[in-house]
Amino acid sequence: MDAELKQQFDEMGVEPSGPVLDKCIELAIAYYIDDATEFVEQWMAFSLSHLQGDEPTIANLGEFERKVLQLMREKGGSKKPTHQTKSLQATTSVLDTSSLATYGLVEDEPMMEDYVNESSSALPHTPKASNDRTRPSALKSGVLFSPASFSPQSAKRTPSTSTGTATASTTGRPGDIVDTFGHPKLLAASTWHSQVEQALPVVQKLLHNDSPLTMSNLSYMNDLLYERCEDLHDRLLDIGQALVEKKLGAKGASECSWYPQDRHTLHALHVLHAVGMIHSDDDGPLDAHSALLAVLDTDEKFLALNFSQIKSTSIFPGQVVLAKGFIPRGDTFVVEEIYTDRKLTPPPPIKVDREVQFVVAAGPYTHSTDLFYDRLHDLLKYLKDHRPDVLLLTGPFVDAEHTQVGELAEPFDYFFEKMIAGIMEVVGGNTTVLLVSCQKDAMAPAVYPTPPYTLRKTYPNLHLLADPSLVDLDGITLGVSSTDVLDHLLSHEFATNAGERMHRAINHLFNQGSFYPICPPADENMSYDSHLAQKYAQLKQLPNVLILPSDQRHFIRLVNDCLVINPGRLADSKGGTFARFLVTPTAPTATTKAPNMFNSVACQIQRI
């Protein structure tokens, strides 16, 4: 269980020490918790509600044991396996579902009482549903978007995860806060409701020839092979030069020996530097035996990388690196160090004169087995009660791979336009709405970068954005991409002793200066246009806030003074989530000239 616990803590952005990890294992064994995910989620929920998100220590774990684990055992009984009857085992498992209720984060599930009270019955039965479990409708005010108008009559609604198909210990309950960032006073003081009824101006900053990517200037899959090679060549030169300047400087670079050299000189050199691009010899995920380095101005096609002498590294296909090592023989490069950090352009100062509220949600917006869009309705209900200044929605809205999308009785773009009309009617005219396109949508061009959606009806406060996009919102620079670049990076990288995985994946984007630096694309179904990416997918300057929806676990990270948020998926088998955050004017601190992000930005990820 040691490795599983360490991995789960790592996914939460926590790096426990050895003694703390040993204490966690001791508690898990003592209280018969054999699922590392359950243990870590219980700890995180306790930490957020009692310790303001503090990391685990021996003392904190002692308090966790007294306030949570012991109460669980007293309330639900020991989970020690016995040879009792199946009915008693079923009762015990149901009692365990209310484990999070012991510290006030999850209420007891009333529907579960039917299972417990009638578990001794020999006859099969259906538990009675509570009368207050009806799905809250956001359509009473006449919203145009409705299940009846969008879903085929033959479709069956997917059961809600809160009605017994999943336990509270694994999914939580709607409204639960599952991740938090920011000063506790700032979080406590927020009403999560905009105080100003005025739409924000939106200025697009990801431009080529002073124009953003649109359907009118879209031209893709017309680039020639030599043009793709020239794009990669230019990228290698630009990033390689930045890596050398950051690590060695002009004087240090002139004193180094560089590959390529003639064969006799290579064997005599004990230290050698090389700038190149990482490749995989099988066009798949990297490992210690498949990594290759492509170097310019050499007759060798690739150098095979040997990592026997390196202490830590993190590389992926398409990454430009500065490598230090030696070549003992042939075309094998024994790597001693790999440098991937370059000098970054920091985020611009945040310039706001009032508090600005954001809500961010990422598709899909309906379950994979129906087209009722229940999760979107739940989000609309939340927006009616908590109107933000900015609503950011990323695709897919109508997933082309959905099992029932072929049953729609109208064109995809008509279906989508009705959906947007319903959203805009609920939101009103004072909230700035940003819709980010996704190439997975049935009505969008299947290419990355992806141009904005097109609508026949326009709304003054609705802005259609390409994937990826960089915009200025009245003094706040916001970057966003609907493509799951984090999952692609983490599934194809080779890493050893490289630190927290999300932090390093985000740093890959920053140091490579691209919203999608992987080459070739990690998804074989992704239509990647290198010529368009060279124009519209560059990340030359860090934004203040970066939205990166992913199938990876939701998170909030502060990386190089940029707040990076993965809001999770709104419709998810484990319970959908969305993000809300606020930016407020803050005076410079005593130790820094610029406002501190921790004191000026507050963010929460909430279950829908």
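Residues numbered from 1 in each chain as written. Predicted model: local features only at pLDDT ≥ 70, side-chain atom pairs only at ≥ 80, totals over all residues. Heavy atoms only, no water.

### Looking at helix α2 (residues 18–30)
Next, step 1: In this model α2 runs 18 Å from its N-terminal to its C-terminal C-alpha over 13 residues, within 8% of the 18 Å that 1.5 Å per residue would give.
Next, step 2: Residues of α2 that are buried: Val20, Leu21, Lys23, Cys24, Ile25, Leu27 and Ala28. (Helix = DSSP H or I, 4+ residues; strand = E, 2+ residues; numbered from the N terminus. Expected span 1.5 Å × (residues − 1). Buried < 20%, exposed > 50% of the residue type's maximum accessible area, 1.4 Å probe, protein only.)

### What to know about unusual backbone geometry
Next, step 1: The residue after glycine 363, namely proline 364, is reached through a cis peptide bond having omega 10°.
Next, step 2: Within the element layout of this structure, proline 364 appears in the loop between β9 (356–362) and α13 (374–385).
Next, step 3: With an omega of 0°, the peptide bond running from aspartate 467 to proline 468 counts as cis.
Next, step 4: Even without glycine at this site, tryptophan 192 takes up a positive phi of about 55°.
Next, step 5: Relative to the assigned elements, tryptophan 192 resides in the loop between α9 (184–189) and β2 (202–204).
Next, step 6: With a relative accessible area of 8%, tryptophan 192 lands in the buried category.
Next, step 7: Unusually for a residue other than glycine, tyrosine 373 sits at a positive phi of about 55°.
Next, step 8: Counting through the fold element by element, tyrosine 373 comes out in the loop between β9 and α13.
Next, step 9: You can call tyrosine 373 buried: its relative accessible area is 1%.

### Describing the sheet that holds strand β12 (residues 462–465)
Next, step 1: The strand order across the open sheet built from seven strands is β1-β20-β19-β9-β10-β11-β12, with neighbouring strands paired in mixed fashion. In this open sheet, the two edge strands, each paired with only one partner strand, are β1 (177–181) and β12. Put simply, the sheet's adjacent strands are angled 15° from each other on average, direction ignored.
Next, step 2: The pairing of β9 with strand β10 (residues 390–394) spans five bridges and is parallel. (Pairing = 2+ DSSP bridges. Axes fitted to C-alpha atoms, helices over the stretch in contact; angles between N-to-C directions.)

### Quick word on the packing of helix α1 (residues 2–11) against α2
Next, step 1: Orientation of α1 relative to α2, taken along the N-to-C sense of each, is 115°, at an axis distance of 10 Å. As far as their axial angle goes, α2 and α1 are roughly perpendicular. Once α1 is placed against α2, the crossing between them reads as right-handed. Facing α1, whose interface residues are Asp2, Leu5, Lys6 and Phe9, α2 presents Leu21, Cys24 and Ile25.
Next, step 2: Looking at the contact of α1 with α2 residue by residue, the classes come out as five nonpolar, no polar and two charged. (Parallel < 35°, antiparallel > 145°, perpendicular 65-115°, else oblique. Left-handed = near helix turned anticlockwise from the far one by under 90°. Contact = heavy atoms within 4.5 Å. Nonpolar A, V, L, I, M, F, W, Y, C, P; charged D, E, K, R; others polar.)

### Some details on the pairing of strand β7 (residues 320–326)
Next, step 1: Taken across its seven residues, β7 has five buried, putting it largely inside the fold.
Next, step 2: Judged from the six bridges that link them, strand β3 (residues 272–280) and β7 form a sheet pairing that is antiparallel. Opposite histidine 273, over in β7, you have lysine 324 as the bridge partner.
Next, step 3: Note: β7 against strand β8 (residues 332–339), five bridges, orientation antiparallel. Bridge pairing in β8 links lysine 324 to glutamate 337.

### Here's the deal with the nonpolar core
Next, step 1: Core analysis: the biggest nonpolar cluster contains 41 residues, and Leu379, Leu393, Phe397, Val398, Ile420, Ile423 and Leu435 have the highest contact counts within it.
Next, step 2: At nine residues, the largest contribution of residues to this core is made by helix α14 (residues 412–427).
Next, step 3: Not counting residues up to four positions away in its chain, the partners in contact with phenylalanine 397 are Tyr365, Tyr373, Phe416, Met419, Leu435, Val436, Asp441, Met443 and Tyr453.
Next, step 4: If you look at the next biggest cluster of nonpolar residues, it comprises 30 residues, including Val178, Val202, Phe358 and Ile605. (Core = buried A, V, L, I, M, F, W, Y, C linked by side-chain atoms within 4.5 Å.)

### Some remarks on the pattern of salt bridges
Next, step 1: Enumeration over the complete set of coordinates arrives at 12 salt bridges.
Next, step 2: In this structure, the salt-bridge partner of glutamate 410 is lysine 418, at a minimum N-O distance of 3.1 Å.
Next, step 3: For glutamate 410, a relative accessible area of 18% gives the class buried.
Next, step 4: When its relative accessible area of 38% is taken as the criterion, lysine 418 is described as partly exposed. (Salt bridge = Lys/Arg side-chain N within 4 Å of Asp/Glu carboxyl O.)

### Details of helix α16 (residues 501–512)
Next, step 1: Spanning 12 residues, α16 covers 17 Å between terminal C-alpha atoms, matching the ideal 16 Å at 1.5 Å per step.
Next, step 2: Judged by how many residues are buried, α16 sits mostly within the fold: 11 of 12 residues are covered.
Next, step 3: The complete set of buried residues in α16 reads Arg501, Met502, Arg504, Ala505, Ile506, Asn507, His508, Leu509, Phe510, Asn511 and Gln512.
Next, step 4: Capping the start of α16, glutamate 500 holds a side-chain oxygen 3.2 Å from the backbone nitrogen of methionine 502, two or three residues further along.
Next, step 5: Positive phi shows up at glycine 513, right after α16, with a value of about 65°. (Polar contact = N/O pair within 3.5 Å; in protein donor to acceptor, adjacent residues only side chain to side chain.)

### A short note on the environment of aspartate 287
Next, step 1: By secondary structure assignment, the location of aspartate 287 is in the loop between β3 and β4 (291–295).
Next, step 2: Residue aspartate 287 is classed as partly exposed on the basis of its relative accessible area, which comes to 36%.
Next, step 3: At a separation of 2.8 Å, a polar atom in the side chain of aspartate 287 contacts the main-chain amide nitrogen of histidine 289.
Next, step 4: Here serine 290 takes part through its backbone nitrogen, which lies 2.9 Å from a polar atom of the side chain of aspartate 287.

### Regarding the packing of aromatic side chains
Next, step 1: Counting across every chain of the model gives 16 aromatic pairs.
Next, step 2: Residues phenylalanine 46 and phenylalanine 64 carry aromatic rings whose centres are separated by 5.5 Å and whose planes lie at 50° to one another, so their mutual orientation is tilted. You can see phenylalanine 46 sitting in helix α3 (residues 36–50) and its partner phenylalanine 64 sitting in helix α4 (residues 58–76), a full 18 residues away along the chain. The two residues phenylalanine 46 and phenylalanine 64 agree in class, both being buried.
Next, step 3: The aromatic ring of tyrosine 414 is capped on one face by arginine 456, whose charged end is 4.2 Å from the ring centroid. (Phe/Tyr/Trp six-rings, centres within 6.5 Å; stacked < 30°, edge-to-face > 60°. Lys NZ or Arg CZ within 6 Å of the ring centre and 35° of its normal.)

### A short note on the side chain of arginine 501
Next, step 1: Along the polypeptide, arginine 501 turns up in helix α16.
Next, step 2: As a buried residue without a salt bridge, arginine 501 has its nearest oppositely charged side chain in aspartate 10, at a separation of 4.2 Å.
Next, step 3: With residues up to four places along the chain from it excluded, the contact list for arginine 501 reads Asp10, Glu11, Leu490 and Gln552. (Lys, Arg positive; Asp, Glu negative; His and termini not counted.)

### Overview of the state of the cysteines
Two cysteines form a disulfide when their sulfur atoms are joined by a covalent bond.
Next, step 1: One pass over the full model with this rule turns up zero disulfides.
Next, step 2: Left without a disulfide partner, cysteine 229 is nearest to the cysteine sulfur of cysteine 519, which lies 9.6 Å away.
Next, step 3: With relative accessibility at 44%, the residue cysteine 229 sits in the partly exposed group. (Disulfide = S-S within 2.5 Å.)

### Focus: the sheet that holds β2
Next, step 1: Taken together, six strands build an open sheet; the order of strands is β2-β13-β14-β16-β18-β17 and the sheet is mixed. Two strands lie at the open edges of the sheet, namely β2 and β17 (555–559), each paired on one side alone. On average, each strand axis in the sheet is tilted by 25° relative to the strand beside it, whichever way the strands run.
Next, step 2: Here strand β13 (residues 469–473) runs beside strand β14 (residues 476–480); their pairing, made up of five bridges, is antiparallel. Counterpart to aspartate 472 in the pairing with β14 is threonine 477.

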